[in-house]
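# Structural overview for review
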Amino acid sequence: MLEIQVAYLMERKFKTLSTTTFILAALLVLYLTRDLVSRLFSGSIALITLLVNVLLILAVFGVLSWFAYSLFLKRYYRAWHINRIRNARFLREVMERDDR
C-alpha cells in the first residue's frame, strides 16, 4: 500500500514538474523572441488600423453620395427615366400608325 502511495505521489510530482517546465520553457521562448513578437504585434495593429480607416472612408463616401443623390439628382434622374419610357411608347405608337 505504501508503495502505491509513493508511486502516486511521484507521478503527481512528475506531472507538476512537467507542467512547470513547459510553462518556464514557453516563457523563455517568449522572452527570447520578444522583439519579433512585438514587431509582429505592432504590424498587425497597424494593418487593422489601416483597414478600419479605409472602410470608414468608404462608408463616409457612400453616405455622402447617397445624400447628394437624394438631394440633387433623384428628381432629374426620375424625370429622365419617365421621359425615356414615354418617348419609347410614343415611338412605338408612331411606328404602329405608319404600318396601317
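Predicted, not measured: the structure shown is a model, and the values here were computed from it.

## Remarks on the overall build of the protein chain
Across its full length, the protein chain holds 2 helices and 0 strands. Looking at the protein chain as a whole, 0% of its 100 residues qualify as buried. About 10000 Å² of surface is accessible on the protein chain, with carbon and sulfur atoms providing 72% of the total.

## A word on the pattern of salt bridges
Throughout the structure, instances matching the rule amount to 1 salt bridge. For Arg89, the salt bridge is made with Glu93, and the minimal N-O distance between the two is 3.8 Å. Here Glu93 and Arg89 lie together in helix α2 (residues 34-99), a separation of 4 residues that amounts to about one turn.

## A short note on a nonpolar patch on the surface
Residues Trp66, Phe67, Tyr69, Leu71, Phe72, Leu73, Tyr77 and Trp80 make up a contiguous nonpolar surface patch of roughly 920 Å² in combined accessible area. Tracing the sequence through the fold places Phe72 in helix α2. Accessibility expressed as a relative area gives 51% for Phe72, which makes it exposed.

## What about the packing of aromatic side chains?
Applying the stated criterion across every chain yields a total of 1 aromatic pair. On the numbers, 5.8 Å between centres and 35° between planes, the contact of Tyr77 with Trp80 is tilted. With Tyr77 and Trp80 both in helix α2 and 3 residues apart, this pair spans about one turn of that helix. Take Trp80: its relative accessible area is 48%, and that puts it in the partly exposed class.

About the thresholds
- Residues numbered from 1 in each chain as written.
- Predicted model: local features only at pLDDT ≥ 70, side-chain atom pairs only at ≥ 80, totals over all residues.
- Heavy atoms only, no water.
- Helix = DSSP H or I, 4+ residues; strand = E, 2+ residues; numbered from the N terminus.
- Buried < 20%, exposed > 50% of the residue type's maximum accessible area, 1.4 Å probe, protein only.
- Areas by Shrake-Rupley, 256 points an atom, 1.4 Å probe, with all protein chains shown as cover.
- Salt bridge = Lys/Arg side-chain N within 4 Å of Asp/Glu carboxyl O.
- Patch = residues over 30% accessible without salt bridge, like charges linked within 9 Å, V, L, I, M, F, W, Y side chains within 5 Å.
- Phe/Tyr/Trp six-rings, centres within 6.5 Å; stacked < 30°, edge-to-face > 60°.

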